[in-house]
Amino acid sequence: MEFPSNQNPHIDDMQWDKDNDSLAILTATHVISIWSMGQRKFQDIELASQKDVASYISWSKTHPVLSIGTEKGSLTFFNRKSQRKIPCISKHGKKVTDGDWSVEGHLITCSSDKMLTVSNHQGDTPYDSFIVKSEPRNIKWSPACTDAEKFLCCIIGKDKLCHFNPKTQAHKFIEFEKSYGKISAFEWLTGSIIFITFDTGVCAAVSMAAEKMGTELKNFRPHFGAIEAFNINHEM
């Protein structure tokens, strides 16, 4: 696979689709390149405006749809099978920074304007957007989500977690001991427990169950520096 010579060679992100056939490549331009394993060739997807720049990409877990977020806060949904491209202007007011698709086919995106927005694979906005007080990041749907009950978590600013139900707008902000420092990252262990790391090397397992939300189940310190990346084997 040779990257097109007319594209910016600096690659910011790469994402495989759910069938592991198409690889989307983010290059911080107005063009997203998609490499097809079956056809052995590239396809370029252009944003509605050449003055905008792609800042985020992710494939749906349920549909052959690529979502593209931009520096100006727009989203574009590209259906690989139908070749239909749906531009959604001003989903956010500023740069789209992160997002996550649920297994039900809903995309949650966050941006530097501190807004959380849910979209479906056709670009519709089924629920009201939600604004937080600090910039959100590391946003993830709970693996326990269902059609009747949808909720997610994200990091707010430097030291808070937000547990949020976009359907009802119910939310709770969770804070931790100041001595833990800044939150580095988190992952869902189960549908009701998250694993969270801090820049002081502290790790904690925290309950997200309604009756115990925010309760630390266990904490330990395997390192004395920031834990910036980790991976969980859910089979063990």
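This write-up is about the structure you can find in this document. (Residues numbered from 1 in each chain as written. Predicted model: local features only at pLDDT ≥ 70, side-chain atom pairs only at ≥ 80, totals over all residues. Heavy atoms only, no water.)

Some remarks on the pairing of strand S7 (residues 75-79)
For clarity, the threshold we go by: Three exposure classes are used, based on accessible area relative to the maximum for each residue type with a 1.4 Å probe and protein chains only: buried under 20%, partly exposed in between, and exposed over 50%. Helix and strand definitions follow DSSP, with helices as H or I runs of at least four residues and strands as E runs of at least two, each counted in order from the N terminus. A pair of strands is considered paired only if DSSP assigns at least 2 bridges between the two.
Of all five residues in S7, five are buried, a share of seventy percent or more. A two-sided burial pattern is seen for S7, the buried positions comprising Leu75, Phe77 and Asn79 on one face and Thr76 and Phe78 on the other. One ladder, built from five bridges, connects strand S6 (residues 65-70) with S7; its direction is antiparallel. Looking at S7, one finds that Val65 is bridged to Asn79. In this structure, S7 lies alongside strand S8 (residues 85-88), joined through four bridges in antiparallel fashion. Residue pairing for S8: Phe77 is matched across the bridge by Ile86. Where S7 hands over to S8, the hairpin turn is made up of five residues, of which Gln83 adopts a positive phi near 65°.

Overview of the environment of Tyr180
What counts, and what does not: Note on contacts: a residue pair qualifies if any of its non-hydrogen atoms lie within 4.5 Å across the two residues.
Within the secondary structure, Tyr180 sits in the loop between strand S16 (170-175) and strand S17 (183-188). With a relative accessible area of 11%, Tyr180 lands in the buried category. Sequence-wise, Tyr180 and Thr197 are 17 residues apart; in three dimensions their C-alpha atoms are separated by 8.9 Å. In this structure, Tyr180 is in contact with Phe198, Asp199, Thr200, Val202, Glu216 and Asn219, ignoring residues within four places of it in sequence.

Concerning the sheet that holds strand S11 (residues 115-120)
The four strands lie next to each other as S9-S10-S11-S12, forming an open sheet whose pairing is antiparallel. Sheet topology places strand S9 (96-101) and strand S12 (130-131) at the edges, where each strand pairs with a single neighbour. By the bridge criterion, five bridges tie strand S10 (residues 106-111) to S11 in an arrangement that is antiparallel. Within S11, the residue paired with Ile108 across the bridge is Val118.

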